[in-house]
Amino acid sequence: MKVVLKIGGSLLYNPNGELNTELIENYLKVINRLIDKAYQILIVVGGGKLARKIIKVSRKIGGNFTYQDLLGVEASRMHALLFISALKNHAYGAVPRSFDEALKALSTNKIVVSGGLQPGQSTNAVSALLAELWEADIVINLSDVEKVYDKDPDKYSDAKAFDKLTMDEFYSIIIKQEEEPGNYALFDKVGCEILKRSKKKIAFVNGRNPENILKVLNNEQVGTIVE
């Protein structure tokens with residue numbers, strides 16, 4: 001079974017802005033368990049707080065959106081390289097910088113760990129495109145939310161959570177979001193359109209508990225399933 005893990009970059013940091021080593025180690029333990037169970041794995045890591053800090057400075061000093069996107073891409077690649085360094089021989093030894101490089105890396109049957117690939121595209125869209133390219137069975141999106149809501153639960157106390165959604169229903173929620181470099185909220189429109197055309201299943205779960213990956217693959221009720 002081919003599994004794409006989309007790990008939100010913000011998950012990698014503590015509230016004080018330092019990398020959360022314990023959580024990263026827990027991710028690596030789960031990934032190693034997937035390796036033992038013979039899952040094929042592709043990982044896409046976001047830029048998170050590092051990207052947002054750099055983008056904020058770029059915006060203040062006059063950098064345009066394209067440069068802000070490029071900075072976010074490079075931040076995500078640093079996070080990807082961090083995972084590669086820990087996975088050692090299980091991982092392809094470089095972060096892909098294009099879809100051609102990603103395709104070459106996937107042909108090695110190693111775990112490919114990617115960040116962003118180009119400006120104007122979130123790592124959520126990258127995970128959807130690579131899932132389509134690789135013909136993955138499922139994308140597991142790990143962020144700091146428990147489920148998909150019809151609106152921001154931090155702003156609206158009456159926000160409704162969902163256990164299951166169709167892709168059309170999910171898209172109707174996502175299309176209301178504002179998108180700009182460093183801020184693509186839960187997912188983005190491009191990613192939704194790619195998953196829809198390729199008929200890929202995606203699970204949204206709380207990434208603060210990496211064990212949720214195993215729960216999804218064991219068909220336990222956790223988070224929100226969109227298909």
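Further up the page is the structure itself.
Residues numbered from 1 in each chain as written. Predicted model: local features only at pLDDT ≥ 70, side-chain atom pairs only at ≥ 80, totals over all residues. Heavy atoms only, no water.

Colleague: Explain the overall build of the chain residue by residue, including any values.
Modeller: Scanning the chain for helices and strands turns up eight helices and nine strands. Along the three orthogonal principal directions, the C-alpha set of the chain runs to about 40 × 40 × 35 Å. Within the chain, buried positions represent 49% of all 227 residues. Split by element, the accessible area of the chain, about 11400 Å² in all, is 50% carbon and sulfur. Put simply, the chain has 30 plus and 28 minus side-chain charges, and the middle of one group is 2 Å from the middle of the other. (Helix = DSSP H or I, 4+ residues; strand = E, 2+ residues; numbered from the N terminus. Buried < 20%, exposed > 50% of the residue type's maximum accessible area, 1.4 Å probe, protein only. Areas by Shrake-Rupley, 256 points an atom, 1.4 Å probe, with all protein chains shown as cover. Lys, Arg positive; Asp, Glu negative; His and termini not counted. Charge placed at Lys NZ, Arg CZ, Asp CG, Glu CD.)

Colleague: Kindly report on the sheet that holds strand S3 (residues 112-114), identifying the contributing residues and their values.
Modeller: Read from one edge of the open sheet, seven strands run S3-S2-S1-S4-S8-S9-S7, paired in mixed fashion. The sheet terminates laterally at S3 and strand S7 (164-165), the two strands that pair on one side only. Here S7 pairs with strand S9 (residues 224-226) via two bridges, running parallel. Each residue of the ladder has a partner; that of Leu 165, found in S9, is Val 226. This element, helix H5 (residues 123-134), spans strand S1 (2-7), strand S2 (40-45), S3 and strand S4 (138-143) of the sheet and lies at about 160 degrees to S2. (Pairing = 2+ DSSP bridges. Contact = heavy atoms within 4.5 Å. Axes fitted to C-alpha atoms, helices over the stretch in contact; angles between N-to-C directions.)

Colleague: So what's going on with the pairing of strand S8 (residues 201-206)? Residues and values would help.
Modeller: The buried fraction of S8 amounts to five of the six residues, a majority that puts the element mostly inside the structure. Note that S4 and S8 share six bridges and pair parallel. Bridge pairing in S8 links Asn 141 to Phe 204. Direction of pairing for S8 relative to S9: antiparallel, over a ladder of three bridges. The residue of S9 that forms the bridge with Phe 204 is Thr 224.

Colleague: An account of the packing of aromatic side chains is requested, with residue identities and associated values reported.
Modeller: Inspection of the entire model under this criterion finds three aromatic pairs. Both rings, one in Phe 170 and one in Phe 187, keep their centres 6.2 Å apart while their planes meet at 55 degrees; by these two values the pair is tilted. Here Phe 170, found in helix H6 (residues 167-174), pairs with Phe 187, found in the loop between H6 and helix H7 (189-198); they are 17 residues apart in sequence, far enough to count as distant. Like Phe 187, Phe 170 is buried. Three or more aromatic residues joined by ring pairs make a cluster, and in this case those are Phe 170, Phe 187 and Phe 204. One cation-aromatic arrangement involves Lys 151 over Tyr 156; the distance from NZ or CZ to the ring centre is 5.2 Å. (Phe/Tyr/Trp six-rings, centres within 6.5 Å; stacked < 30°, edge-to-face > 60°. Lys NZ or Arg CZ within 6 Å of the ring centre and 35° of its normal.)

Colleague: So what about the nonpolar core? Which residues, and what values?
Modeller: In terms of nonpolar packing, the biggest core is built from 36 residues, with Leu 5, Ile 43, Phe 83, Val 113, Ile 140, Leu 142 and Ile 213 touching the most fellow members. When residues of this core are traced back to their parent elements, those giving at least two are S1, helix H1 (21-36), S2, helix H3 (65-87), S4, S8 and helix H8 (212-217). Ranked by residue count, the leading element in this core is H1, at seven residues. The contact partners of Ile 43, leaving out residues within four places of it in the chain, are Leu 5, Ile 7, Ile 31, Leu 87, Ile 111, Val 112, Val 113 and Ser 114. Formed by 31 residues, the second largest nonpolar core is a distinct cluster that contains Leu 42, Ala 105, Val 148 and Phe 187. (Core = buried A, V, L, I, M, F, W, Y, C linked by side-chain atoms within 4.5 Å.)

Colleague: How would you sum up H7? Please name residues and give values.
Modeller: Residue pairs three or four apart in sequence face the same way in an α-helix, which turns once every 3.6 residues. Those residues of H7 not exposed but buried are Gly 191, Cys 192, Ile 194, Leu 195 and Ser 198. For H7, the angular spread of buried residues about the axis comes to 165 degrees, placing them on one side. Against the buried residues of H7 lie H5, S4, H6 and S8. With its phi angle positive at about 55 degrees, Lys 199 sits one or two positions after the end of H7. (Arc of directions from axis to C-beta.)

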